[in-house]
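Remarks on the overall topology
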Amino acid sequence: LDLFHRTTRRVELTEAGQLFLERANRCLDAINALHEDMSGFRIWQSGVIRIAAPPLLASALLPRAIRAFSGTATGVRLEICDVGTEGIIEMVRSGHASFGIGTSPDALPDLPSTVVMRDEAMLFCHRDHPAAVNRELQWRAIAELPQIALRPTSSLRAWVEGGFNQAGLVLNVAYEVNQISTVLALVTENVGVAVLPAYARAVIGHAPVVGIRLTEPVISREIALLHASGRRLSPSAKAFADMLRRT
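Reading the values: the criteria
- Residues numbered from 1 in each chain as written.
- Predicted model: local features only at pLDDT ≥ 70, side-chain atom pairs only at ≥ 80, totals over all residues.
- Heavy atoms only, no water.
- Phe/Tyr/Trp six-rings, centres within 6.5 Å; stacked < 30°, edge-to-face > 60°.
- Helix = DSSP H or I, 4+ residues; strand = E, 2+ residues; numbered from the N terminus.
- Buried < 20%, exposed > 50% of the residue type's maximum accessible area, 1.4 Å probe, protein only.
- Pairing = 2+ DSSP bridges.
- Expected span 1.5 Å × (residues − 1).
- Contact = heavy atoms within 4.5 Å.
- Salt bridge = Lys/Arg side-chain N within 4 Å of Asp/Glu carboxyl O.
- Core = buried A, V, L, I, M, F, W, Y, C linked by side-chain atoms within 4.5 Å.

Remarks on the packing of aromatic side chains
In total, this model carries three aromatic pairs according to the counting rule given. Centre to centre, the rings of Phe 99 and Phe 240 are 6.3 Å apart; their planes meet at 25 degrees, and the pair counts as stacked. Linking Phe 99 in strand S5 (residues 99–103) with Phe 240 in helix H6 (residues 235–246), this pair joins segments that are 141 residues apart in sequence. Take Phe 99: its relative accessible area is 1%, and that puts it in the buried class. Residue Phe 240 is classed as buried on the basis of its relative accessible area, which comes to 0%. A centroid spacing of 5.0 Å and a plane angle of 80 degrees characterise the contact between Trp 139 and Phe 164, whose relative ring orientation is edge-to-face. With Trp 139 in the loop between strand S7 (136–138) and strand S8 (147–150) and Phe 164 in helix H4 (residues 155–166), the pair connects residues that are 25 residues apart, well separated along the chain. A relative accessible area of 1% means that Phe 164 is categorised as buried.

Things to note about the pairing of strand S6 (residues 113–126)
Relative to strand S12 (residues 220–226), S6 runs antiparallel, the two being bridged by seven bridges. Bridge pairing in S12 places Ser 113 opposite Leu 226. In this structure, S6 lies alongside strand S11 (residues 209–215), joined through five bridges in antiparallel fashion. Note on S11: the bridge partner recorded for Leu 123 is Ile 212.

Regarding H6
For H6, which comprises 12 residues, the first-to-last C-alpha distance of 17 Å matches the rise-based estimate of 16 Å (1.5 Å per residue) to within 8%. Packed against the buried residues of H6 are strand S3 (48–53), helix H2 (55–70), strand S4 (77–82), S5 and S12.

Observations concerning the pattern of salt bridges
Per the counting criterion, the structure on display carries 12 salt bridges. Between Arg 93 and Asp 110 there is a salt bridge, with its nearest N and O atoms 2.7 Å apart. Of this pair, Arg 93 sits in helix H3 (residues 85–94) while Asp 110 sits in the loop between S5 and S6, placing them 17 residues apart in sequence. Between Lys 238 and Asp 242 there is a salt bridge whose closest N-O contact spans 3.2 Å. Highlighted residues: Lys 238 and Asp 242, both in helix H6, separated by four residues, approximately one helical turn.

A word on the side chain of Thr 215
Tracing the chain through its elements places Thr 215 in strand S11. Relative accessible area serves as the criterion here: at 12%, Thr 215 is assigned to the buried category.

Section: the nonpolar core
Grouped together as the largest cluster of nonpolar side chains are 57 residues, with contacts concentrated most on Ile 101 and Leu 123. It is H2 that contributes the most residues to this core, seven residues altogether. Those residues within four positions of Leu 123 in sequence are excluded, and the remaining contacts are Ala 131, Leu 137, Ile 142, Leu 145, Gln 147, Val 193, Ala 194, Val 195, Val 210, Gly 211, Ile 212 and Leu 214. Ranked by size, the runner-up nonpolar core spans 12 residues in total, among them Cys 81, Val 92, Ala 97 and Leu 108.

Right, dumping it as structure tokens:
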């Protein structure tokens, strides 16, 4: 049976060769899917809880829950993978993460989510900044302030721009950076202000930075646990997820 048709200048697949290639690709896809399923099963059995979460959310939300959980669980190892949104989705889908934490994704029926908290947009500024005397500010009050923003590829940047847009305003970008830690470092030096999720307060530490609630409109989003449809959480992962909801 000939799979290839050869001439002096080129090699082409015959009709049988095309059929063989299609069937072979299906077999490879099935093998890859089986490998991912077995990888997820090993995690399920091993007593490892692997959590995929964005870096800021991981540092703000997980430490307290881990401290509480470590006092009740023995023989369980927690692993935190602080990755971006696409990485979270891929790790949860493949079974390489027990579950993910992030904003509730739209139109992902294979990744059901459970909301654990709601978060609001806040203005972060140096405590010596004129805006720091306020407990609340309307979006229009910060329209002219030089903003330190994440780059447009960030989903958080889109969320912040949406807040300005709902107020009929445009984000006044003075500096663009890749990491939230860099945003906060610049705010600490009082070179600008930044709109970030309220949970960023948890990682400020002793920095001279304050958070001010933004109103008219109040912009919020849901933070959720993501898990793969049809794949059960291990008992230890379920126990940690339940604790995370209560923390």
